[in-house]
Amino acid sequence: MARFAAMLILLLVLPISSCGSFFVGFVSNPGGNMTISGSVTGVSFAVFQSMGTSVPFTAVTFASSGTAVTINFCGNQGSLFPINQFVRANFTTGVSCSTLIAVSVSA
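All of the points below concern the structure found in this document. (Residues numbered from 1 in each chain as written. Predicted model: local features only at pLDDT ≥ 70, side-chain atom pairs only at ≥ 80, totals over all residues. Heavy atoms only, no water.)

Description of the side chain of Thr58
(1) Moving on: Considering the arrangement of structural elements, one finds Thr58 in strand 2 (residues 53-64).
(2) Moving on: At a separation of 2.8 Å, a polar atom in the side chain of Thr58 contacts the main-chain amide nitrogen of Gln77.
(3) Moving on: Excluding residues that lie within four positions of it along the chain, Thr58 makes contacts with Val43, Ser44, Phe45, Ile71, Asn72, Phe73, Gly75, Asn76, Gln77 and Gly78. (Helix = DSSP H or I, 4+ residues; strand = E, 2+ residues; numbered from the N terminus. Polar contact = N/O pair within 3.5 Å; in protein donor to acceptor, adjacent residues only side chain to side chain. Contact = heavy atoms within 4.5 Å.)

Things to note about the sheet that holds strand 4 (residues 86-92)
(1) Moving on: Taken in spatial order, the 5 strands line up as 3-2-1-4-5 in an open sheet, and their pairing is antiparallel. Each edge of the open sheet is held by one strand with a lone partner, namely strand 3 (67-74) and strand 5 (99-106). Each neighbouring strand pair of the sheet contributes to a mean axis angle of 30°, computed without reference to strand direction.
(2) Moving on: Sheet analysis places strand 1 (residues 33-50) next to strand 2, joined by 11 bridges and oriented antiparallel. Bridging across to strand 2, Val43 finds its partner in Val60. (Pairing = 2+ DSSP bridges. Axes fitted to C-alpha atoms, helices over the stretch in contact; angles between N-to-C directions.)

A look at the state of the cysteines
(1) Moving on: As enumerated under the stated definition, the model contains 1 disulfide in all.
(2) Moving on: Residue Cys74 pairs covalently with Cys97 via a disulfide, S to S 1.9 Å. Taking the sign of the S-S torsion, 95° for the link of Cys74 and Cys97, the bridge is right-handed. Residue Cys74 is found in strand 3, and its partner Cys97 is found in the loop between strand 4 and strand 5; the two are separated by 23 residues along the sequence.
(3) Moving on: Relative accessible area serves as the criterion here: at 25%, Cys74 is assigned to the partly exposed category.
(4) Moving on: A residue is classified by how much of its surface remains accessible, and Cys97, at 9% relative accessible area, is buried. (Disulfide = S-S within 2.5 Å. Buried < 20%, exposed > 50% of the residue type's maximum accessible area, 1.4 Å probe, protein only.)

Written out as C-alpha cells, the structure reads:
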C-alpha cells in the first residue's frame, strides 16, 4: 500500500515539475484560524490546477527568528504584503490555500 501511495504521488508531481517551480503541501487541520507574523521576504502569484479547477493563490514567505515559513493565501493578495516589511496576517487555513481575515503592516 505504501509503495502504491509513493508511486501515485510521484505520478502527480512529475507533470508539474517541468513548469519551473511547484509546491507540494498539505494542511492537517483545515478550517482553523491562525496568525503569522514576520518580515516578508518573498511574494509570488500562481495558479494551482486541481481536477479541472483553477485555484489562484499568493505564496508569501515570512522570516522571523532565523526561520522562514511560506503560506499560500487564496487569490491575488500580493499588494497586501510589501517586501522587507514586518507583517501580521490572520487567516483561516484551507486545503489548497488559506483565506485572509486581516493583514497589518508595521511601519
